[in-house]
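The primary structure of each chain is shown beneath.
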Amino acid sequence: MTADRSQPTRRVVALAALGLAGLLTALGLLLVIAAFTEDSAIESYTGRAEADVVSVSFGRTLVRFQTPDGAVHTPGYGVLYPEALEEGQVVRVEYDQRDPELVRVAGRGASLTVLPVTTAVLIGWVVAGALVWWLRRQGPLLLRPIFPRRIRV
């Protein structure tokens, strides 16, 4: 009797795990697309400058740079691809001349996002797959009743 009661719970947990893995995949894909889109915008109207690294934190790295028109910019969202930057460091940056808030470290690009995102998505699917496998060892999940077959007339 206990196995009969746990079957719907196991089914819901399995579907939730697969749904979360799917959501992680979709978010990862959107992140990679956004990175390539931002790089494309920078490459279309590239401006170059020397920037001072103002602040380094877990969520963002702030830089300050001056554009040829004399304006000083400190993008609020931080610099793209800030790996291994330290406060007080001077780095070359590339920015979108139409929107100087969009800035990246020179020589770095969206391809740097592919490996970490792919790794995170792969780990998500491995965890979800292992959970579903473990749940199936406890007994059948009976996912078919949730997705009934269409009867052809």
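Coordinates for the structure precede this section.
Described in the following lines is the structure provided in the data block.

Definitions and cut-offs
Along each chain, residue indices are assigned from 1 in the same order as the chain's sequence is written. For this predicted model, a pLDDT threshold of at least 70 governs which residues receive local features, and a threshold of 80 or more governs which side-chain atom pairs are given and counted, while totals over whole chains, interfaces and linings are taken from all residues. With hydrogens and water stripped out, all remaining heavy atoms of the structure feed into the side-chain values. Counting from the N terminus, the helices are DSSP H or I runs at least four residues long and the strands are E runs at least two residues long. Only protein chains enter the accessibility calculation, which uses a 1.4 Å probe. A residue is then buried if its area is under 20% of the maximum for its type, exposed if over 50%, and partly exposed in between. We call two residues in contact whenever any of their non-hydrogen atoms come within 4.5 Å of each other. Every accessible area reported is derived by Shrake-Rupley at a probe size of 1.4 Å, with residue values counting cover from the shown protein chains alone. Aromatic pairing here means that ring centres of Phe, Tyr or Trp (its six-membered ring) are within 6.5 Å. Orientation follows from the plane angle: under 30 degrees is stacked, over 60 is edge-to-face, and everything else is tilted. A carboxyl oxygen of Asp or Glu within 4 Å of a side-chain nitrogen of Lys or Arg is what we treat as a salt bridge. Each patch is assembled from residues with relative accessible area greater than 30% and no salt bridge, linking like charges that lie within 9 Å and nonpolar side chains (Val, Leu, Ile, Met, Phe, Trp, Tyr) that lie within 5 Å. By the convention used here, strands pair only if DSSP detects at least 2 bridges between them.

1. Some details on the overall build of the protein
Summing up its helical and strand segments, the protein has two helices and five strands in all. Secondary structure elements in the protein, listed N-terminal to C-terminal, are α-β-β-β-β-β-α. Within the protein, the fraction of its 153 residues that count as buried is 32%. Restricting to contacts in the protein with at least 6 residues of sequence separation, those with at least 24 account for 66%. When the accessible surface of the protein is split by element, carbon and sulfur atoms take 62% of a total near 10,400 Å².

2. Thoughts on the packing of aromatic side chains
Aromatic rings considered in pairs are described by the distance between their centres and by the relative angle of their planes. Under the definition given, this model contains one aromatic pair. With a centroid separation of 5.0 Å and an interplanar angle of 35°, the aromatic rings of Phe-65 and Tyr-95 are classed as tilted. Taken together, the residues span a long stretch of sequence, with Phe-65 in strand E2 (residues 61-66) and Tyr-95 in strand E4 (residues 90-96) at a distance of 30 residues. We classify Phe-65 as buried; its relative accessible area is 2%. What makes Tyr-95 buried here is its relative accessible area of 3%.

3. Considering the pattern of salt bridges
Applying the stated criterion across every chain, the model contains seven salt bridges. We note a salt bridge from Arg-104 to Asp-39, for which the minimum N-O separation is 3.1 Å. Taken together, the positions of Arg-104 in strand E5 (residues 99-105) and Asp-39 in helix H1 (residues 2-44) put the pair 65 residues apart, joining distant regions of the chain. Since its relative accessible area comes to 6%, Arg-104 is described here as buried. Taking the relative accessible area as the measure of exposure, Asp-39 reaches 4% and is therefore buried. Three or more residues are tied together by salt bridges with common partners; here these are Asp-39, Glu-43, Arg-48, Glu-94 and Arg-104.

4. Focus on a nonpolar patch on the surface
Taken together, Leu-20, Leu-23, Leu-27, Leu-29, Leu-30 and Ile-33 make up a surface patch of nonpolar side chains, about 610 Å² in accessible area. The topology assignment puts Ile-33 in helix H1. Judged by its relative accessible area of 45%, Ile-33 falls in the partly exposed class.

5. Comments concerning the sheet that holds E4
With respect to topology, five strands assemble into an open sheet ordered E3-E2-E1-E4-E5, the strand pairing being antiparallel. Since the sheet does not close on itself, it has two edges, and those belong to strand E3 (72-73) and E5, each with one partner.

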